[in-house]
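# Tertiary structure, described
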Amino acid sequence: MQAQRSRTNRLLAILIALFLLVTALPFACWWGVSRLRAAVTPPEPTLRLAYSPEKRELLGQLLAEFERQGLRTTSGAPMRVAAVEMLPERMVRLAVEGQVDAVCPDSSLWLTETDQRWRETFLRDGVLVGEAVRFAISPVVIAMREDVARSMGYPDRPIGWMDILERAQTEETFSWSHASTSTASGLLATLAQFYAGAGKTRGLTIEDATAQSTLDYVAAVEATVRHYGEGELATVERALEEGELRLDAFVVQEQLVVYYNGRGSDRLVAVYPAEGTLWEDHPLALLEHADLDNDARETFQALKRHLLSPQSQQVVLQHGYRPADLSIPLTGEGSPLTAANGVDPTQPKTVLQMPSAAVVDVVRDVWWYTKRHTNVFLVVDTSGSMQGDKLENARLGLQAFVEGIRGDQERVGMIEFASEVGRTIPLDELGRNRRALEQAIADLSAGGNTALLDAIGAAYGRLQSLGDAERINAIVVMTDGRENASRTRLRELQMRIRDGNARGVPVVVFCIAYGSDADLDTLAAIAETSGGQVRRGDLTSIEELYRLISTYF
């Protein structure tokens, strides 16, 4: 009896143990996996921030210091900022779509643009941009090679837009540029030109901006621009990468003069336009979209306090910006705002008043009529290797290029090539051939070999035959492969471009090496011969690349 009871107890113990094992095992597994996930998966960011590219180094340092503080929200979440760099136009788009919680562009201009796009998109009143604070500022200047500036009287006499105009008209080799009005520096420089044309420093009106005398003045200045571009940082970084300045002068914010002189082999000086200039004010702004939560709000407030702290404001100055804290001396020990770095902290003497949003819109629209106009050929590879997604994404890129050029007076043509030079859409003003270009892009099909050099030669010949020295003449060529079908040789084409650009009208060739099989060396040789550029693109970047290149025209 005793033995039977003992066997029964052992059996019960075994059953209980099995029961516990079966019921506890899933929980244990879940707990273990949860701990493992917690160990390998970073916590979700509490604030999604988009910022403009020129602040890459400054914000990188400031955000690293912010996260090292280990702050938490009242809900216990660690305050983390997921910061993404992007150009302001894309920033506006993502802000309206609710994909970011805060923005930090180079100018408050983009906050106004964001609210306007948001109202247009959702057909409602009110604003999307909430609290905004600026923590760094920098005046818009004309960065000029020091030898060129001194030949124009720097630093003993003020230099203005009329001096740029006179120099460009009397010296053929003088080259200067500013970015298009899709960038803050380009738009602010254009506003300064309109102010100069109107002879005012405050209160620019729509009537001032559209007066014939103002338009004539701005058109005369713009006629001397060599080409436009996608942004001031891109111009500076390209000059640093190439090891030389190909421009005599270009428009940037003052901070980038300091940035360049700390890295470049030659030297720039900041010319503060005698007629006056405006500021890039680098705001940090919260977006009041419907999904914004308290964690994001608290992180924004903590980040704002951090950026405005005395320690961070000193970091702002060390990076060549002017701090928002006006009590910090710009000429103190260790300040980079010195003559040795090409800048003058006592300038600008004249600061222009930011006009109303309505005037800014008018200036931006009118600019398309006063800017230097363009003749540009799109040269498109449709060889067999372009089949599939590659061709489809190229179509999207070409469409983005045509959409990006808003002025109907710009002339655009297109040449397809595969085994030989194929269909050609003649060069014409977009007001007349925009639809034909869009249809041709939609109809692109792939097949055959790659007659790259013949196609570039055909486009180049058409532009030289036109002989239009009043406009910017350019070719944008895209290929994903290697030359294997042309009768033209590379050296022959280079000689033709070199000779033609010297004797005829300058034609700049922008090359896109699409995918890893593209012949980068050949494209680089052609671009360098013409004074152009070569860029790499892939399936994911080709559309944005075409969009960027469109800003040059």
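Scroll up to find the structure.
Just so we're clear, the structure is a prediction, and the values are computed from it rather than from any experiment.

### Some points on the overall build of the chain
Counting secondary structure elements, the chain contains 20 helices and 17 strands. Dimensions along the principal axes, computed over C-alpha positions, put the chain at roughly 120 × 65 × 50 Å. A buried classification covers 52% of the 553 residues belonging to the chain. Put simply, of all contacts in the chain between residues at least 6 apart along the chain, 76% involve residues at least 24 apart. Accessible surface for the chain amounts to roughly 25000 Å². Of this, 52% is attributable to carbon and sulfur atoms. Taking the 56 positively charged and 74 negatively charged side chains of the chain as two groups, their mean positions are separated by 6 Å.

### Quick look at the sheet that holds strand β16 (residues 507–514)
If you trace the six strands from one edge of the open sheet to the other, you get β14-β13-β12-β15-β16-β17, paired in mixed fashion. If you trace the sheet from one side to the other, it starts and ends with β14 (421–429) and β17 (533–537), each paired once. When the angles between neighbouring strand axes are averaged without regard to direction, this sheet yields 15°. Relative to strand β15 (residues 472–479), strand β12 (residues 374–381) is paired through seven bridges, and the arrangement is parallel. By the bridge assignment for β15, Phe377 is matched with Ile475. Against the sheet, helix α16 (residues 430–442) engages β13 (411–417) and β14, with an angle of about 155° to β14. Across the sheet, helix α20 (residues 542–550) touches β12, β15, β16 and β17, and the angle it forms with β16 is around 170°.

### A word on the pairing of strand β8 (residues 268–271)
With burial as the criterion, each face of β8 is covered, one bearing Leu268 and Ala270 and the other bearing Val269 and Val271. Relative to β8, strand β5 (residues 136–145) is paired through four bridges, and the arrangement is antiparallel. Looking across to β8, one finds that Met144 is bridged to Val269.

### A look at the environment of Leu109
As for its placement among the helices and strands, Leu109 is situated in helix α4 (residues 109–122). For the pair Leu109 and Leu187, spaced 78 residues apart in sequence, the C-alpha separation works out to 9.2 Å.

### Focus on the nonpolar core
Counting residues in hydrophobic clusters, the biggest one holds 75 residues, and the most contacted among them are Met144, Trp161, Val476 and Phe553. By residue number, the principal contributor to this core is helix α7 (residues 184–198), which donates eight residues. Counting residues in each nonpolar core, the second largest holds 26 residues, with Met79, Leu286, Ala302 and Val315 among its members.

### Side note on the environment of Ala458
Structurally, Ala458 can be placed in helix α17 (residues 452–466). Along the primary structure Ala458 and Gly153 are separated by 305 residues, whereas in three dimensions their C-alpha atoms are 44 Å apart. Every residue in contact with Ala458, bar those within four places of it in the chain, is listed here: Ile415 and Val421.

### Some thoughts on unusual backbone geometry
Of note, the amide linkage connecting Tyr154 to Pro155 takes the cis form, showing an omega dihedral of 0°. With respect to the helices and strands, Pro155 occurs in the loop between α5 (146–151) and α6 (161–170). Residue Pro348 is reached from Gln347 by a cis peptide bond, and omega for that bond is 0°. Mapped onto the elements, Pro348 comes out in the loop between β11 (322–323) and α14 (357–370). At His282, a residue that is not glycine, the phi angle is positive and equals roughly 45°.

### Some words on the side chain of Asp248
Structurally, Asp248 can be placed in the loop between α10 (232–242) and β7 (249–253). Residue class for Asp248 comes out buried when judged on its relative accessible area of 13%. Non-local contacts of Asp248, meaning those with residues more than four positions away in its chain, are made with Ala143, Met144, Arg145, Val148, Thr173, Phe174 and Ser175.

### Observations concerning the packing of aromatic side chains
This structure, assessed with the given rule, holds eight aromatic pairs. Ring plane angle 50° and centroid distance 6.0 Å describe the contact between Trp161 and Trp176, whose orientation is recorded as tilted. Of the two residues, Trp161 is situated in helix α6 and Trp176 in strand β6 (residues 176–177); the sequence distance between them amounts to 15 residues. Each member of the aromatic cluster is reached from another via a ring pair, and the members are Phe401, Phe510, Tyr546, Tyr552 and Phe553. Lying over the aromatic face of Tyr259, Arg263 brings its terminal NZ or CZ to 3.8 Å of the ring centre. Positioned above the aromatic ring of Tyr514 is the side chain of Lys390, whose terminal nitrogen or guanidinium carbon lies 5.9 Å from the ring centre.

Reading the values: the criteria
- Residues numbered from 1 in each chain as written.
- Predicted model: local features only at pLDDT ≥ 70, side-chain atom pairs only at ≥ 80, totals over all residues.
- Heavy atoms only, no water.
- Helix = DSSP H or I, 4+ residues; strand = E, 2+ residues; numbered from the N terminus.
- Buried < 20%, exposed > 50% of the residue type's maximum accessible area, 1.4 Å probe, protein only.
- Contact = heavy atoms within 4.5 Å.
- Areas by Shrake-Rupley, 256 points an atom, 1.4 Å probe, with all protein chains shown as cover.
- Lys, Arg positive; Asp, Glu negative; His and termini not counted.
- Charge placed at Lys NZ, Arg CZ, Asp CG, Glu CD.
- Pairing = 2+ DSSP bridges.
- Axes fitted to C-alpha atoms, helices over the stretch in contact; angles between N-to-C directions.
- Core = buried A, V, L, I, M, F, W, Y, C linked by side-chain atoms within 4.5 Å.
- Phe/Tyr/Trp six-rings, centres within 6.5 Å; stacked < 30°, edge-to-face > 60°.
- Lys NZ or Arg CZ within 6 Å of the ring centre and 35° of its normal.

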